[in-house]
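Take a look at the letters that make up each chain.
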Amino acid sequence: TMLVGARREKSPALPIHVHTHDTAGTGVASMLAAAEAGADVVDVCTDAMAGLTSQPSIGALIGSTQGTSLDTGLDMPKILTLNNYWEQTRGLYSPFESGIKSGSADVYVHEMPGGQYTNLKFQAFSNGLGSEWDKIKAAYATANRVLGDIVKVTPSSKVVGDLAQFLVANDLDEVSVVENAETLSFPTSVVEYFQGYIGQPAGGFPEPLRSRVLKGKDNGYTTRPGSEIPDQDLTELRDGIMRKHASKLITWRDTLSAAMYPTVFDDYVRKLNLHGPLTTLPTKAFLVGLEIDEECEVELRAGVKASIKLKAIGELLPSGTRDVFFEMNGIPRVVEIEDKTDDGATKKTLLASRERSDPADIGSVGAPMAGEVVEVLVTSGEIVEAGAPLVVLSAMKMETTVSAPCDGPIRHVGVVAGDGCRAGDLLVAIKADGV
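### Side note on the sheet that holds strand S3 (residues 295-301)
Alright, step 1. Across the sheet, four strands lie side by side as S3-S4-S5-S6; this open sheet has antiparallel pairing. Either end of the sheet is taken by a strand with one partner, and the two such strands are S3 and strand S6 (331-338). Neighbour to neighbour, the strand axes of the sheet diverge by 35° on average, direction disregarded.
Alright, step 2. In terms of strand pairing, strand S4 (residues 304-313) meets strand S5 (residues 321-328) through five bridges, oriented antiparallel. Bridge assignment links isoleucine 313 to a residue of S5, and that residue is valine 324.

Here is the structure:
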């Protein structure tokens with residue numbers, strides 16, 4: 001009320017649009033208060049999708065304002081008709097629900113945006129930190145203070161979330177993370193935040209943390225990054241993408257995607273080439289797969305459809321794959337598919353046998369958290385200096401560049417690109433100078 005009221009008083013003609021999430025359960029009350037204070041527009045959500053970390057309920061807001069000066073004039077029965085559709089649609093996506101059952105007022109403590117809350121919870125479980133969720137929420141507040149109590153919206157909220165998981169995975173607190181910053185391999189998003197990649201925070205970067213995180217690294221930007229980025233020749237970029245991916249089907253939309261998110265776009269094209277246009281699959285078949293003898297139709301292009309029926313799934317093979325038997329337009333087919341469940345055990349076996357780092361040896365560089373090796377930047381015998389990048393790890397959208405903790409030659413590289421690893425698994429062994 002104070003914020004919206006003050007803004008309205010200062011700018012009577014300015015359109016005010018308020019957006020919130022309902023994490024604490026106060027969303028409807030907040031939107032009513034904002035409207036009474038002078039907001040022109042408030043964001044709500046169809047009832048079937050509303051509440052918790054989503055937006056407040058449109059039905060509740062319409063009902064609360066009927067017959068008042070704030071009456072929306074919307075037809076409740078028509079709104080509820082739309083809601084029936086979304087109730088059914090949500091059922092299809094139920095396997096991907098976050099499991100959150102009720103509101104949580106601790107958002108007032110950790111200040112985690114509602115849109116990030118469910119994503120970060122899923123990310124934490126995927127990174128092996130599911131049992132530490134309460135610690136991650138507390139660490140989120142800690143990370144926010146360490147970073148300078150920043151405004152938390154995409155992408156700055158991701159920086160805070162990545163640092164929170166890093167703190168929990170490495171058993172760090174507000175003091176120790178600053179004290180040990182020069183020897184820690186922070187997530188890439190945190191390093192780039194201190195390099196000014198997403199701008200300059202109000203009040204400047206916190207010191208001495210920034211200087212310690214960036215020791216031996218490029219200090220990055222001191223102004224708005226967009227003002228220093230050179231012009232991009234989009235025609236040249238498009239031609240380069242066509243050559244790189246051997247495709248003439250690169251659109252201007254693809255080109256813009258590649259300009260803004262080059263790594264993500266390359267990964268998208270690789271997966272598209274591997275799996276084909278999965279958007280043609282029926283939603284249920286894509287999300288949960290087919291049952292034995294279940295059939296679905298796929299429209300390959302206008303007027304051309306294919307009928308697919310799953311017939312059987314073979315036994316788990318020593319390679320961690322299974323033969324999948326199906327019919328395509330009545331013709332029997334079989335493909336060998338990697339079993340990515342726990343039963344597959346392929347990666348599980350590799351992880352269990354991977355060499356572990358020695359915490360007592362400064363040159364024994366372990367993975368700071370579970371993830372997949374994206375790139376190995378050194379080779380055996382190469383001489384590196386403290387702070388030199390060794391390995392790039394990725395875990396659920398969070399990249400971390402692991403740096404050398406000391407000077408010396410590389411004795412052994414324990415991973416290759418594509419390997420999965422747990423926290424503490426040996427990545428690189430360095431013969432520390434003087435040891």
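Anyway, onward from the coordinates.
### Here we look at the layout of surface pockets
Alright, step 1. Roughly 490 Å³ of volume is contained in the second largest pocket.
Alright, step 2. Lining the second largest pocket are 21 residues, and of these Thr183, Ser364, Val365, Gly366 and Pro405 sit closest to its centre.
Alright, step 3. Secondary-structure elements contributing two or more residues to the lining of the second largest pocket are strand S7 (364-366) and strand S11 (398-403).
Alright, step 4. Looking at the lining of the second largest pocket residue by residue, the class counts come to 10 nonpolar, eight polar and three charged.

### Quick word on the side chain of serine 357
Alright, step 1. If you trace the backbone, serine 357 turns up in the loop between helix H16 (346-353) and S7.
Alright, step 2. By relative accessible area, serine 357 is classed as buried at 19%.
Alright, step 3. Reaching out from serine 357, the side chain makes a polar contact with the backbone oxygen of glycine 424 at a distance of 2.7 Å.
Alright, step 4. Ignoring any residue separated from it by four or fewer positions in sequence, one finds serine 357 in contact with Ser364, Val365, Gly366, Gly424, Asp425 and Leu426.

### A closer look at the pattern of salt bridges
Alright, step 1. Evaluation of the coordinates by the stated rule reveals 18 salt bridges.
Alright, step 2. Residue arginine 422 pairs with aspartate 425 through a salt bridge whose shortest N-O separation is 3.8 Å.
Alright, step 3. Of the residues examined, aspartate 425 reaches a relative accessible area of 0% and is grouped as buried.
Alright, step 4. Taken together, the salt bridges that share partners define one network made up of Asp106, Asp134 and Lys137.

### Some details on helix H6 (residues 114-126)
Along an α-helix, residues three or four positions apart point the same way, because every turn accommodates 3.6 residues.
Alright, step 1. A rise of 1.5 Å per residue sets the reference length of H6, with its 13 residues, at 18 Å; its end C-alpha atoms lie 19 Å apart and thus fit the reference within 8%.
Alright, step 2. Within the sequence span of H6, burial applies to Gly114, Gln116, Tyr117, Leu120, Lys121, Gln123 and Ala124. Taken down its axis, H6 places every buried residue within 165° of arc, on the same side. Away from the buried face of H6 by more than 90 degrees, exposed residues Asn119 and Phe122 are located.
Alright, step 3. For H6, the elements touching its buried residues are helix H5 (107-110), helix H7 (133-147), helix H8 (156-169), strand S10 (389-395) and S11.
Alright, step 4. Positive phi appears at glycine 128, one or two residues downstream of H6, with a value of about 80°.

### Focus on the sheet that holds strand S13 (residues 420-421)
Alright, step 1. The four strands are arranged S11-S10-S8-S13 in an open sheet whose pairing can be described as antiparallel. Because the sheet does not close on itself, it has two edges, and the strands there are S11 and S13.
Alright, step 2. Where strand S8 (residues 371-376) lies against S10, four bridges are found, and the strand directions are antiparallel. Residue pairing across strands places valine 376 opposite valine 391, the latter belonging to S10.

About the cut-offs
- Residues numbered from 1 in each chain as written.
- Predicted model: local features only at pLDDT ≥ 70, side-chain atom pairs only at ≥ 80, totals over all residues.
- Heavy atoms only, no water.
- Pairing = 2+ DSSP bridges.
- Helix = DSSP H or I, 4+ residues; strand = E, 2+ residues; numbered from the N terminus.
- Axes fitted to C-alpha atoms, helices over the stretch in contact; angles between N-to-C directions.
- 1 Å grid on protein atoms, 1.4 Å probe; cavity = no way out; pocket = protein on both sides within 12 Å on 5 of 7 lines; lining within 4 Å.
- Points joined across faces, edges and corners; volume = space filled by probe spheres on them.
- Nonpolar A, V, L, I, M, F, W, Y, C, P; charged D, E, K, R; others polar.
- Buried < 20%, exposed > 50% of the residue type's maximum accessible area, 1.4 Å probe, protein only.
- Polar contact = N/O pair within 3.5 Å; in protein donor to acceptor, adjacent residues only side chain to side chain.
- Contact = heavy atoms within 4.5 Å.
- Salt bridge = Lys/Arg side-chain N within 4 Å of Asp/Glu carboxyl O.
- Expected span 1.5 Å × (residues − 1).
- Arc of directions from axis to C-beta.

In short, shape yes, function no, at least from these values alone.
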